[in-house]
Amino acid sequence: MRVLVVEDAPRLRAIVAQRLREDGYAVDEAGTGARAIELAAGGGYDAIVLDLRLPDIDGLEICAQLRRVGCWTPILMLTARDSLGDRVAGLDAGADDYLAKPFEFPEVLARLRALVRRGRVERPAVLVAGDLRLDPAARTVERGGTSIDLTSKEFALLEYLIRHHDVALSRERLIEAVWDSSYEGDSNIVDVYVGRLREKIDRPFGRSTLTTVWGVGYRLEGHAESAPVA
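All values derive from a computational prediction rather than experimental measurement. Each residue is numbered by its place in its chain's sequence as written, counting from 1. Totals for whole chains, interfaces and linings use every residue, but because this is a predicted model, local features are given only for residues with pLDDT of at least 70 and side-chain atom pairs only at 80 or more, for both listing and counting. Side-chain numbers come from the whole structure's heavy atoms, not from hydrogens or water.

Help me understand the confidence of the model for the chain in this model?
Segments scoring low in pLDDT should not have their predicted coordinates read at a detailed level. The predictor attaches a confidence to each residue, and that confidence, scored 0 to 100, is pLDDT. Averaged over all residues, the pLDDT of the chain is 85; the fraction at 70 or higher stands at 87%. For the purposes of this entry, the term helix denotes a DSSP run of H or I that reaches at least four residues, the term strand denotes a run of E that reaches at least two, and both are numbered from the N terminus. At the level of individual helices and strands, the chain shows its lowest average pLDDT in helix α4 (residues 84–93), which scores 69, and its highest in strand β9 (residues 146–148), which scores 96. Only heavy atoms matter for contacts: two residues are in contact if any of them lie within 4.5 Å across the pair. Predicted confidence is poor over residues 224–230, with pLDDT under 50, and the contacts of this stretch with residues over four places away or in other chains come to 12 contacts.

Help me out: how do you make sense of the environment of proline 102 in this one?
The residue proline 102 is located in the loop between β5 (97–100) and α5 (105–118) in this model. Since its relative accessible area comes to 82%, proline 102 is described here as exposed. In this structure the C-alpha to C-alpha distance between proline 102 and alanine 80, which are 22 residues apart in sequence, comes to 7.3 Å. The buried label goes to any residue with under 20% of its type's maximum accessible area, the exposed label to any with over 50%, and the partly exposed label to all in between, with areas taken from a 1.4 Å probe on protein chains only.

When you look at the environment of isoleucine 148 in this model, what are you seeing that I'm missing?
With respect to the helices, strands and loops of the structure, isoleucine 148 is situated in strand β9. We classify isoleucine 148 as buried; its relative accessible area is 8%. The sequence separation of isoleucine 148 and isoleucine 201 amounts to 53 residues, and the corresponding C-alpha distance is 7.2 Å. If we skip the residues at most four places from it in the chain, isoleucine 148 touches Leu132, Val141, Glu142, Arg143, Lys200, Ile201 and Phe205.

Which parts of the structure should I look at to understand the pairing of strand β8 (residues 140–143)?
Successive side chains on a regular strand alternate, one facing one side of the sheet and the next facing the other. Of the two faces of β8, only the one carrying Val141 and Arg143 is buried; Thr140 and Glu142 on the other face are not. Judged from the four bridges that link them, strand β7 (residues 132–135) and β8 form a sheet pairing that is antiparallel. Residue pairing in the sheet places leucine 132 in a bridge with arginine 143 of β8. Both β8 and β9 contribute to a ladder of three bridges, which runs antiparallel. Bridging from a neighbouring strand, arginine 143 pairs with threonine 146 of β9. Any two strands with at least two DSSP bridges between them are considered paired. Here β8 folds back onto β9, and the loop between the two strands holds two residues, one of which, glycine 144, carries a positive phi near 55°.

See below:
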């Protein structure tokens, strides 16, 4: 999942971004309201973490502007202002949730998961492709009732694949969705992680649901009767 973190304090922004990356999110960062609007209006984010007080444009105005141009990405507003009036103003401006500083990261992560589940369109609480089940909130994966342990990046890649099952996805699209914009490495990183996923979700179960689409990239087959591994 891809998140935009908007915070003018560099240290706090870096801490929030790092914690989100550790939890498997692809994260882009903005230190000003103008940059936030530029990035968010382009779409592609599952959620926005937005500070209320920014040096150029108030967070309330950012919310309002994004909603006016039809950007309905869920927004979690972070702020030191904790009065009832401020919370109401934030929600009225278009924020989906409001969290006062100082905050605990487990709560930030839980609120983000809740927002992403609701999303801009209806999103199921548990993602299913055949007998493969992924629960974004509980961070669990199982196949045929057997639990599968994944790293945070493996989980993020599988989540994107299962959300778009039966669709051929290019390496570039997968990097854009699962890695953040600062990644400048080789696209072969996708091949490495696909190989790791196959060793965990397919081969132990005699399946080959994560297939290579030659000349394009990869596709996760969503039907239950998957071809056996040769």
